[in-house]
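For reference, the chains in residue letters:
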Amino acid sequence: MAFDLDMIKNVYDRYSARLAAARKATGKHLTLTEKILYAHLSEGDAKTAFGRGVDYVDFAPDRVAMQDATAQMALLQFMQAGRPQVAVPSTVHCDHLIQAKIGATEDLSTAKDVNKEVYDFLASVSDKYGLGFWKPGAGIIHQVVLENYAFPGGMMIGTDSHTPNAGGLGMIAIGVGGADACDVMAGLPWELKFPKLIGVKLTGKLSGWTSAKDVILKVAGILTVKGGTGAIVEYFGEGARSLSATGKGTICNMGAEIGATTSIFGYDEKAATYLRGTKRADIADLADAVAEHLTGDPEVYANPADYFDQVIEINLTELEPHVNGPFTPDLAWPISKFATAVKENGWPVKLEVGLIGSCTNSSYEDITRSASIAKQAIDKHLKTKAEFTITPGSELVRYTVDRDGYLDTFAAMGGVVLANACGPCIGQWARHTDDPTRKNSIITSFNRNFAKRQDGNPNTHAFVASPEIVTAFAIAGDLTFNPLTDTLTNDKGEQVKLDEPLGIEMPVKGYAVEDAGYQAPAEDGSKVEVKVDPKSSRLQLLDPFSAWEGTDIFGLKLLIKAKGKCTTDHISMAGPWLKFRGHLDNISNNMLIGAINYFNNTADSVKNELTGEYGPVPATQRDYKAHGIGTIVVGDENYGEGSSREHAAMEPRHLGVRAILVKSFARIHETNLKKQGMLGITFADASDYDKIQEDDTIDIIGLTTFAPGKQLSVVLHHKDGSTDSFPVNHTYNAQQIEWFKAGGALNIIRRQMAS
């Protein structure tokens, strides 16, 4: 669990020389984002990457973090790479596979039993290859990383889209797929398209009911779910410096919902306080010595429009609490307008469940602010009208808030404390409902609220807010209640009003924990054996994907033309499917079952051109594969937004889909497709989407001269004998084209390790 001070010192030693070279090459002042990126360039790219006109650049991250659902596939891939140990510090965190059903103790015990095979696999792989292993119950990956591994000016990648949480401590932390993690663990550079820069200037100071969560809810409303795509968001200003480190983590965490590559705050006194409070004073001392490198140049923040591609300004003093949703995290409502929106849109007014916690809002500060509202409910004789759950972010937080009496407060108001895990946020929740077909409302302090995300129910209207607003709504049980202005009737028939929440940024008595849940790897992993039962339904060793055949692709059938939003949850659902994350063939039975077929407006129902009948997407694709017929998937805008779920790229590859053609891709998913040797292409003219017909046979032309920046062509052979053809774009660079030709990046890594 110990952090590597020598590694951090080496990172800081690079800064002065690298940044001097960057200033000379660019002739300008630098943002914080540029400083960190330039300091982490691979040596081969140092001469070409200064300046923002570059395309893909190689970086050398300092660490890798993986959660248990994605780590299975990432480590199965790493086992094929041929290395005896990981090349950079890496950790595995068991947080996704614990289902919230009864309460923390019972749910954790059940998870350890049900998932024993997977936990044993992850523990043994970690032991063998030198990874730190955080056991089930230790906490949610991003909170644990913030408490133990994040450091100002560092760079990490993580196999979860909310990895940017570490930006709260000034770290460039980026969510990736398992193949990217495999590359870095194998000692190879990590490739990223040099991002655009969005600057968010925060002025004023938060007060009352408004919290750090409201900053990102406001930003999501401004930028939408794709407005940050291809960009890093850098927060600055006196308002930024006034926020706690964990509050900054909340903002960076949910930056994934605007499509941002990552988000970041500069190093300041709040970051130093958090580092020292989590027993990392040595890191704070190192950061203090190079503080000038761990924030943007003063000239940048004085004239942000000259240095950022886009600038947003938010006055924290004027900011209202927000509630975002339903069904998308960028539908932003100031609290003063939310009740009217609920009534006008006919959303269910009665609130059935309020849920606080998750990787986004589970800090000590979050829980104390929520507990202050819960205490008022008790003292003012209010009965909680909605079901209420609490998910601590880590065992460190849980133990400390329990010691300080806050869990007792929640219990007294009727709250149920769940395990230190993702739980309901990712659909690992046994929802208590008497009628799943009834339209209903829930409100959470989580990050995502896509349809069916939390409970698999398309009738659930999920809203997102700060933990304290969620707690107030749970007490009221009514979405038209405004805790800033409205009163509630208590047990005595009195009208009472909730006071503003009060929180404690850092525990007065310090953090405490008996067993944080960490297991160090074996000193010599060469004798550790990793066993995978060939009969297992949950784990399956991987076979390499086949290489490209060297020709254009002809005779593809249309598997599905997806209509509207198609996230990684639509492509590869979580919830009950999480148990198959280590078994590619079994989890492929959920491929695209959530996507809506353009031709019949139905999920998991597509036409099989071999039989003329409609059936489930995976079964139809397996039939095509059995007959040696390739297929293509067509999609809409921002295809693959959401989780970093690599399975959403691996499943189509495994089942024989040859190409994904969409109007636009979400960043992580597009990279995942490339890593697996898939062809991801976009319409040059979005209106060509309308030309795709259900019975088309499709050719992709130009692959024999596949080159960066050169368009390919798609030819549609319609059932009536007519044809359509149009150009399509791609973003493959020379190296990524080699991945495609080899059948996947891992095939190249394996060859390199063997030579």
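Read on for an overview of the structure. Values in this document were obtained by computation on a predicted structure and should not be read as measured data. (Residues numbered from 1 in each chain as written. Predicted model: local features only at pLDDT ≥ 70, side-chain atom pairs only at ≥ 80, totals over all residues. Heavy atoms only, no water.)

### A short note on the overall build of the protein
Then comes step 1: From N to C terminus, the protein includes 25 helices and 32 strands.
Then comes step 2: Relative to the 2.2 N^0.38 estimate, which gives 27 Å for 755 residues, the radius of gyration of the protein is 25 Å and therefore close to what a compact globule would have.
Then comes step 3: In terms of overall dimensions, the protein has a C-alpha envelope of 75 × 60 × 55 Å along the principal axes.
Then comes step 4: When contacts within the protein are restricted to residue pairs at least 6 apart in sequence, long-range pairs at least 24 apart make up 76% of them.
Then comes step 5: In the form shown here, the protein has an accessible surface area of approximately 26,000 Å², with 50% of it arising from carbon and sulfur atoms. (Helix = DSSP H or I, 4+ residues; strand = E, 2+ residues; numbered from the N terminus. Rg over C-alpha atoms; globule rule 2.2 N^0.38 Å. Contact = heavy atoms within 4.5 Å. Areas by Shrake-Rupley, 256 points an atom, 1.4 Å probe, with all protein chains shown as cover.)

### Concerning the sheet that holds strand β5 (residues 155-158)
Then comes step 1: In space, the 6 strands of this open sheet follow the order β6-β5-β2-β3-β4-β21, with mixed pairing throughout. Each edge of the open sheet carries a strand with a single partner, namely β6 (172-175) and β21 (518-519).
Then comes step 2: Examined bridge by bridge, strand β3 (residues 90-93) and strand β4 (residues 132-134) share 3 bridges and lie parallel to one another. Among the inter-strand pairings, valine 92 is bridged to a residue of β4, identified as phenylalanine 133.
Then comes step 3: In this fold helix α7 (residues 178-185) packs onto β2 (63-67), β3 and β5, with an angle of close to 145° to the strand it touches most, β2. (Pairing = 2+ DSSP bridges. Axes fitted to C-alpha atoms, helices over the stretch in contact; angles between N-to-C directions.)

### Section: the sheet that holds strand β31 (residues 712-717)
Then comes step 1: Here 7 strands make up a closed barrel; going around it, the order is β22-β27-β28-β29-β32-β31-β30 and the pairing mixed. Within the sheet, the average angular offset between the axes of one strand and its neighbour, ignoring direction, is 40°.
Then comes step 2: In this sheet, strand β29 (residues 679-683) lies alongside strand β28 (residues 657-662) in parallel orientation, the contact comprising 4 bridges. The partner of alanine 659 across the bridge, within β29, is leucine 679.

### Concerning the pattern of salt bridges
Close approach of charged atoms allows side chains of opposite charge to pair.
Then comes step 1: Counted under the stated rule, the structure contains 36 salt bridges.
Then comes step 2: Of the charged contacts in the structure, one is a salt bridge between aspartate 183 and lysine 675, with a shortest N-O distance of 2.3 Å. With aspartate 183 in helix α7 and lysine 675 in helix α23 (residues 667-675), this pair connects stretches of sequence that are 492 residues apart.
Then comes step 3: Residue classification places aspartate 183 among the buried residues on the basis of a relative accessible area of 6%.
Then comes step 4: Residue class for lysine 675 comes out buried when judged on its relative accessible area of 5%.
Then comes step 5: Ionic pairing is found between aspartate 688 and lysine 691, a salt bridge with its closest N-O pair at 2.9 Å.
Then comes step 6: Using a relative accessible area of 5% as the deciding quantity, one classes aspartate 688 as buried.
Then comes step 7: On the basis of relative accessibility, which here comes to 30%, the residue lysine 691 falls in the partly exposed class.
Then comes step 8: If you follow the salt bridges from partner to partner, you end up with Glu352, Arg431, Asp434, Arg438 and Asp455 in one network. (Salt bridge = Lys/Arg side-chain N within 4 Å of Asp/Glu carboxyl O. Buried < 20%, exposed > 50% of the residue type's maximum accessible area, 1.4 Å probe, protein only.)

### Brief notes about helix α24 (residues 734-742)
Then comes step 1: Within α24, the full set of buried residues consists of Gln736, Ile737, Trp739, Phe740 and Ala742.
Then comes step 2: In this structure asparagine 733 caps α24, since a side-chain oxygen of it lies 3.2 Å from the backbone nitrogen of glutamine 735.
Then comes step 3: Glycine 743, located one to two residues past α24, shows a positive phi value of around 95°. (Polar contact = N/O pair within 3.5 Å; in protein donor to acceptor, adjacent residues only side chain to side chain.)

### Observations regarding the pairing of strand β17 (residues 440-444)
Then comes step 1: Extensive coverage of β17 is indicated by the burial of 5 of its 5 residues.
Then comes step 2: Side chains Asn440, Ile442 and Thr444 of β17 all project onto a buried face; the interleaved residues Ser441 and Ile443 project onto the opposite face, where all are buried too.
Then comes step 3: Here 5 bridges tie β17 to strand β18 (residues 460-464), and the two strands are oriented parallel to one another. By the bridge assignment for β18, threonine 444 is matched with valine 464.

### Quick look at the environment of leucine 655
Then comes step 1: When you line up the elements, leucine 655 lands in helix α22 (residues 647-655).
Then comes step 2: For leucine 655 and glutamate 387, which are 268 residues apart along the polypeptide, the C-alpha to C-alpha distance reads 42 Å.
Then comes step 3: Sequence-distant contacts of leucine 655, defined by excluding residues within four places in its chain, comprise Ser588, Met591, Gln621, Arg622 and Lys625.

### A word on the packing of helix α1 (residues 5-26) against helix α2 (residues 32-39)
Then comes step 1: Two numbers describe how α1 lies on α2: the axes approach to 9 Å, and their chain directions differ by 115°. When the axis of α1 is compared with that of α2, the two are roughly perpendicular. Remark: the crossing between α1 and α2 carries right-handed chirality. Between α1, through Arg14, Tyr15, Arg18, Leu19, Ala22, Arg23 and Thr26, and α2, the contact on the second element is made entirely by Lys35, Ile36, Tyr38 and Ala39.
Then comes step 2: Split into classes, the residues belonging to the contact of α1 with α2 amount to 6 nonpolar, 1 polar and 4 charged. (Parallel < 35°, antiparallel > 145°, perpendicular 65-115°, else oblique. Left-handed = near helix turned anticlockwise from the far one by under 90°. Nonpolar A, V, L, I, M, F, W, Y, C, P; charged D, E, K, R; others polar.)

### Describing the packing of aromatic side chains
The description of an aromatic ring pair rests on the distance of the ring centres and on the angle between the ring planes.
Then comes step 1: Counting across every chain of the model gives 25 aromatic pairs.
Then comes step 2: On the basis of an interplanar angle of 75° and a centroid distance of 5.4 Å, the ring pair of phenylalanine 338 and phenylalanine 463 is categorised as edge-to-face. Of this pair, phenylalanine 338 sits in helix α14 (residues 335-345) while phenylalanine 463 sits in strand β18, placing them 125 residues apart in sequence.
Then comes step 3: Both rings, one in tyrosine 364 and one in tyrosine 406, keep their centres 6.0 Å apart while their planes meet at 85°; by these two values the pair is edge-to-face. A residue pair is termed long-range when its members are at least 10 positions apart, and tyrosine 364 in helix α15 (residues 364-379) and tyrosine 406 in helix α17 (residues 406-412) qualify at 42 residues. (Phe/Tyr/Trp six-rings, centres within 6.5 Å; stacked < 30°, edge-to-face > 60°.)

### Structural notes on the environment of lysine 675
Then comes step 1: The spatial distance from the C-alpha of lysine 675 to the C-alpha of alanine 649 is 8.8 Å, given a sequence separation of 26 residues.
Then comes step 2: The contacts of lysine 675, once residues within four sequence positions are left out, are Ala179, Asp180, Asp183, Trp739, Gly744 and Ala745.
Then comes step 3: A distance of 2.3 Å separates the side chain of lysine 675 from the side chain of aspartate 183, its partner in a polar contact.

### Remarks on the environment of arginine 398
Then comes step 1: The topology assignment puts arginine 398 in helix α16 (residues 395-403).
Then comes step 2: Between the C-alpha atoms of arginine 398 and alanine 60, which are 338 residues apart in sequence, the distance is 34 Å.
Then comes step 3: Those residues within four positions of arginine 398 in sequence are excluded, and the remaining contacts are Pro392, Leu407 and Asn420.

### Comments concerning the side chain of asparagine 733
Then comes step 1: Within the secondary structure, asparagine 733 sits in the loop between β32 (723-729) and α24.
Then comes step 2: Within the structure, the side chain of asparagine 733 is placed 3.2 Å from the backbone nitrogen of glutamine 735, a separation counted as a polar contact.
Then comes step 3: Leaving out residues up to four positions away in the same chain, asparagine 733 has contacts with Tyr56, Glu191 and Pro708.

### A closer look at helix α25 (residues 745-754)
Then comes step 1: Of the residues making up α25, those classed as buried are Ala745, Leu746, Asn747, Ile748 and Ile749.
Then comes step 2: Residues of α25 that are buried make contact with α3 (68-78), α7, α23 and α24.

### Some words on the pairing of strand β27 (residues 631-635)
Then comes step 1: By the criterion of burial, β27 is predominantly enclosed, with 5 of the 5 residues buried.
Then comes step 2: Relative to β27, strand β22 (residues 553-561) runs parallel, the two sharing 4 bridges. Opposite lysine 557, over in β27, you have threonine 631 as the bridge partner.
Then comes step 3: Bridge analysis of β27 against β28 gives 5 bridges, and the strand direction is parallel. Residue valine 634 lies in a different strand from β28, and its bridge partner there is leucine 661.
Then comes step 4: At this point the chain moves from β27, through α22, to the parallel β28, and the crossover so formed is right-handed. (Right-handed = clockwise from strand over helix to strand, strands pointing away.)

### Points about the state of the cysteines
Then comes step 1: For the coordinates displayed, the defined rule picks out 0 disulfides.
Then comes step 2: Cysteine 252 carries a free sulfur, and the closest cysteine sulfur to it, the one in cysteine 359, is 12 Å from it.
Then comes step 3: Overall, cysteine 252 belongs to the buried group, its relative accessible area being 0%.
Then comes step 4: Sulfur of cysteine 422: no disulfide; nearest cysteine sulfur belongs to cysteine 359 and is 6.4 Å away. (Disulfide = S-S within 2.5 Å.)

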